Amino acid sequence: MRDQWAAARADIKATWRERRIWTLAALISVGNRYRRTILGPWWLTLSTVFFVFGLSFLRVGLGGGDLKNAVPYVGLGFIIFGLIAGGINVGSSTYVQAGAQLSTSQRPYSTYPMQGNAVQFIDFLHDAVVIIVIALFFSIPFTLAWGLSVLATFLIVASSIGVGLWLGPLAARFRDVGPLVSMVMRLMFFLTPIFWSIDQVTTNDRAWLAWWNPLTYQLLAFRDPILGTSHGLAPYVVTTLLAVGNLALGIVVFTKSRARIPYWVAE
Amino acid sequence: MSRIEIDGISVVYNLLTIEGANLKRKFLTGLGRKRINAPSTTLAAIDDLSLTLTPGTRLGVIGVNGAGKSTLLRVMAGALPPTHGRVRLEGKVFSLLGGSGAGLDFGLSGYENVIMTGVLLGETPKAMRARVDEIADFSGLGVRLRNPVATYSSGMRARLRFSILTSLTPQILVMDEGVATADAAFAQRAAARLREFHNNAEIVVMSSHGAGIANTAETVLWLDQGRVRAHGPAKEVVDEYTAWVDGLAGGATAVDPAYIDEVLDE
């Protein structure tokens, strides 16, 4: 029992010490994905722009309004959802993909979720350029409130690291978890108010569906301050709780399962 | 001072069978199809092993396939927590094990691979940059280090990998035999460098399933089904092992047939 905690602590400390290693590895893996392309990782930025415009036309077509409002709304939602969903997906696959490397390399086990989330964050930074461009193009003012969005971003990443620490081992032990997570996440794209407005459903009896979804709060905590809209304190409270809760759960599960992870992913 | 202390360790793997892992088969088995295997069986790859290694140790680990060599090396490298028992490691361990990610990234240039391989094995980027010229020189790759590894011939790749790995200076070196290899044309220079690489380390542990280990190791540990069969001076243990293997193959008559039966019964 005491041994488990000591081992997990040493593991996490080593990951912190080696932060340059996994950030470098994350940067290289992002670069590798686009090797020999002309745009490199900016393909990510371009495809985000492309998709956001497509979705914005859809939103205007379905619910009226104009592109001037639709593009910032859809753009911010889509980009932050990419970070949220990416963090969860990478969390569930991190140890399964590390595979045999886990028991042959001396890298601490908590490095793997950190590196996976670093990749997600680097992707997000490429998308963040789109946010700036949208803000400039549609003259959205840069206010102090943007600080809240930055805070929300860090809380989302913290939550994803926590998710990686508990979902990662779980998905390594029970291989049905991975496919289950990606199945659910695909539907979450539609259950989260990315291109539809949560304020429109509050009047009908399906409103609970949107508010029951924790990702909604994370998304709103990021999008509201930039757009100058508000849904009260709830998004910030829930986003903070998700970060704290997932990290706590992550540390407990990681500590308990650490010594077994390499056995679950052995070839 | 470096030290490896292993106290009563066991490593038990759960061997999943197809029936246990596949839901469809599980249901079909339930519906009256004959069950071929138990859902899960366990295998003790290492069975209650204790060992202390101090500076100056040159240990070879031998045994047939599946004897537990790789598992023991993983535990010694601190990469695999044993299911039972304790491991204490002191000193900078450096492991070259199959699948350790010490392979080259073909998309990166030779130069970037020098940095990345070193960094993944625990060196700082700065220390690796300082070694680049020497590695370029020894591998004979020179300015080709600027090109992606994908453009190298297989001989060039092997030389690069070997040059990077042996440029490092570990306190404790744990390696699978054959992980640091070089092509024939390069072999003579490589052998000298490999010796130097070994000499620089305080503790060296190598696995092997061949008798050649006696050339590099001073003591040899013979593993058989996760247990220590013999542990002592390299030549003695290797001779004993070789005789046993020949006996198993039915090639030698020097071994008492009753001894083989005894071994096979175990």
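Residues numbered from 1 in each chain as written. Chains lettered and ligands numbered in written order. Predicted model: local features only at pLDDT ≥ 70, side-chain atom pairs only at ≥ 80, totals over all residues. Heavy atoms only, no water.

Student: Sorry, what's going on with the overall build of chain B here?
Tutor: Per the secondary structure count, chain B includes 10 helices and 9 strands. Across the 266 residues that make up chain B, the buried fraction comes to 45%. Intrachain contacts of chain B at a sequence separation of at least 6 include 71% that bridge at least 24 residues. Entry remark: accessible area of chain B is about 13,000 Å², with carbon and sulfur atoms responsible for 52%. (Helix = DSSP H or I, 4+ residues; strand = E, 2+ residues; numbered from the N terminus. Buried < 20%, exposed > 50% of the residue type's maximum accessible area, 1.4 Å probe, protein only. Contact = heavy atoms within 4.5 Å. Areas by Shrake-Rupley, 256 points an atom, 1.4 Å probe, with all protein chains shown as cover.)

Student: I tried to follow the overall build of chain A on my own but got confused; where do I start?
Tutor: Counting its regular elements, chain A contains 13 helices and 0 strands. When the helices and strands of chain A are placed in sequence order, the string is α-α-α-α-α-α-α-α-α-α-α-α-α. A globule of 267 residues ought to have a C-alpha radius of gyration of about 18 Å, and chain A, at 19 Å, matches this closely. Principal-axis analysis of the C-alpha atoms gives chain A an extent of 60 × 45 × 35 Å. In chain A, buried positions account for 51% of the 267 residues. A fraction of 74% describes how many contacts in chain A between residues 6 or more apart in sequence connect residues 24 or more apart. (Rg over C-alpha atoms; globule rule 2.2 N^0.38 Å.)

Student: I would appreciate a short explanation of the layout of surface pockets in the present structure.
Tutor: For the largest pocket, the calculated volume is near 1,500 Å³. Looking at the lining of the largest pocket, the elements with two or more residues in it are helix 1 (2-17), helix 2 (19-33) and helix 12 (234-257) of chain A together with strand 4 (84-90) and strand 5 (93-96) of chain B. For the lining of the largest pocket, the element with the most residues is helix 1 of chain A, which contributes 9 residues. Tallied by class, the residues present in the lining of the largest pocket amount to 21 nonpolar, 12 polar and 12 charged. (1 Å grid on protein atoms, 1.4 Å probe; cavity = no way out; pocket = protein on both sides within 12 Å on 5 of 7 lines; lining within 4 Å. Points joined across faces, edges and corners; volume = space filled by probe spheres on them. Nonpolar A, V, L, I, M, F, W, Y, C, P; charged D, E, K, R; others polar.)

Student: Mind showing me how you'd approach helix 11 (residues 214-227) of chain A here?
Tutor: Each α-helix winds once per 3.6 residues, and so residues spaced three or four apart point in a common direction. All names here are of chain A. The terminal C-alpha atoms of helix 11 lie 20 Å apart, and with 14 residues this matches the ideal 20 Å at 1.5 Å per residue to within 8%. Maximum bend of helix 11: about 30 degrees, positioned at L220. In terms of burial, helix 11 is a largely internal element, 12 of the 14 residues being buried. Those residues of helix 11 that sit buried are L215, T216, Y217, Q218, L219, L220, A221, F222, R223, D224, P225 and I226. Of the residues trailing helix 11, G228 is marked for its positive phi of about 75 degrees. (Expected span 1.5 Å × (residues − 1). Bend = angle between axes of the 7 residues up to and from the residue.)

Student: How should a nonpolar patch on the surface be read in this particular structure?
Tutor: Residues and elements named next belong to chain A. A grouping of I38, L39, W42, W43, L46, V129, V133 and F137 is seen on the molecular surface, where their side chains present a nonpolar patch of about 870 Å² in accessible area. Of all the elements in the fold, those that place two or more residues in the nonpolar patch are helix 3 (42-63) and helix 6 (111-137). When you line up the elements, V133 lands in helix 6. (Patch = residues over 30% accessible without salt bridge, like charges linked within 9 Å, V, L, I, M, F, W, Y side chains within 5 Å. Salt bridge = Lys/Arg side-chain N within 4 Å of Asp/Glu carboxyl O.)

Student: Mind showing me how you'd approach the interface of chain A and chain B here?
Tutor: One frequent convention defines the size of an interface as the accessible area lost when the parts assemble. The interface of chain A with chain B comprises 22 residues on the first partner and 27 residues on the second. Approximately 2,000 Å² of surface area, both sides summed, lies buried where chain A meets chain B, with 55% of it carried by carbon and sulfur atoms. Sorting the residues of chain A by area buried against chain B places T104, Q106 and Y263 of chain A first, and these three jointly supply 34% of that buried surface. Measuring nitrogen to oxygen at the nearest pair gives 3.5 Å for the salt bridge that ties R86 of chain B to D3 of chain A. Listing elements by their share of the side of chain A that touches chain B, those giving two or more residues are helix 2, helix 5 (101-104) and helix 13 (261-265) of chain A. Counting residues per element, the side of chain A that touches chain B draws most heavily on helix 2 of chain A, at 6 residues. Counted by class, the side of chain A that touches chain B contains 9 nonpolar, 6 polar and 7 charged residues. (Buried area = accessible area lost by both parts, 1.4 Å probe.)

Student: Before we go on, may I ask you to explain the confidence of the model for chain B in this structure?
Tutor: Detailed reading of the predicted model is not advised wherever pLDDT is low. Here chain B averages 82 in pLDDT, while 79% of its residues score no lower than 70. Listed scores for the predicted complex are pTM 0.84 and ipTM 0.78. (pLDDT = per-residue confidence, 0-100.)

Student: It is not clear to me how the pattern of salt bridges should be interpreted in this structure. Could you clarify?
Tutor: Side chains that differ in sign of charge can pair as their charged atoms come close. Residues and elements named next belong to chain A. Taken as a whole and judged by the stated rule, the model has 12 salt bridges over all chains. R33 serves as the salt-bridge partner of D123, at 3.0 Å between the closest nitrogen and oxygen. Of this pair, D123 sits in helix 6 while R33 sits in helix 2; the two residues are 90 residues apart in sequence, bridging distant segments of the chain. D123 gets classed as buried once you look at its relative accessible area, which sits at 12%.

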